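Results of the structural survey
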Amino acid sequence: MPTTVKCPTCRRAVEWSPESLYRPFCSDRCRLIDLGAWLSEKHAIPADAEPGLEGESQPATPPEH
Ligand SMILES: [Zn+2]
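How each quantity is defined
Residues numbered from 1 in each chain as written. Predicted model: local features only at pLDDT ≥ 70, side-chain atom pairs only at ≥ 80, totals over all residues. Heavy atoms only, no water. Helix = DSSP H or I, 4+ residues; strand = E, 2+ residues; numbered from the N terminus. Buried < 20%, exposed > 50% of the residue type's maximum accessible area, 1.4 Å probe, protein only. Contact = heavy atoms within 4.5 Å. Areas by Shrake-Rupley, 256 points an atom, 1.4 Å probe, with all protein chains shown as cover. Donors = N, O, S within 2.8 Å, 3.2 Å for Na, K, Ca; no water. Tetrahedral: all angles 85-135°; square planar, octahedral: opposite > 155°, others 65-115°. Patch = residues over 30% accessible without salt bridge, like charges linked within 9 Å, V, L, I, M, F, W, Y side chains within 5 Å. Salt bridge = Lys/Arg side-chain N within 4 Å of Asp/Glu carboxyl O.

Looking only at helices and strands, the chain features 1 helix and 2 strands. Taken from the N to the C terminus, the helices and strands of the chain come in the order β-β-α. By the burial criterion, 9% of the 65 residues in the chain qualify as buried. By sequence separation, contacts in the chain at least 24 residues apart represent 7% of the contacts at least 6 residues apart. Here the chain displays about 6100 Å² of accessible surface, and carbon together with sulfur accounts for 55% of that area.

Note on the zinc ion: its protein donors are Cys 7 (SG), Cys 10 (SG), Cys 26 (SG) and Cys 30 (SG). The metal-donor distances range over 2.3 Å. Around the zinc ion sit 4 donor atoms; with metal-centred angles ranging over 103 to 118°, the donor geometry is tetrahedral. All donors to the zinc ion come from one chain, and their sequence spacing reads C-x2-C-x15-C-x3-C. Within this pair, whereas Cys 7 is found in the loop between β1 (4-6) and β2 (13-15), its partner Cys 30 is found in helix α1 (residues 28-42), the two being separated by 23 residues in sequence. As far as burial versus exposure is concerned, Cys 7 and Cys 30 are alike and both buried.

A cluster of nonpolar side chains, contributed by Leu 32, Leu 35, Trp 38 and Leu 39, occupies part of the molecular surface with about 390 Å² of accessible area. Mapped onto the elements, Leu 35 comes out in helix α1. By relative accessible area, Leu 35 is classed as partly exposed at 43%.

So, in structure tokens, the structure goes:
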């Protein structure tokens with residue numbers, strides 16, 4: 001019975017064998033996704049520093065006194 005691991009990205013069962021080139025990932029795609037997630041965590045870019053993303057700018061209604 002072959003040993004299987006679960007792909008950390010998509011949770012698919014991956015056979016732990018020399019044929020599974022990307023183990024513990026099921027594919028190169030999942031490997032890159034996980035690598036990308038790791039890198040974005042490592043080099044966390046402050047999202048609020050991004051210019052031009054103020055899509056939620058609501059008209060400020062001043063409190064009436
Ligand atoms: Zn996968």
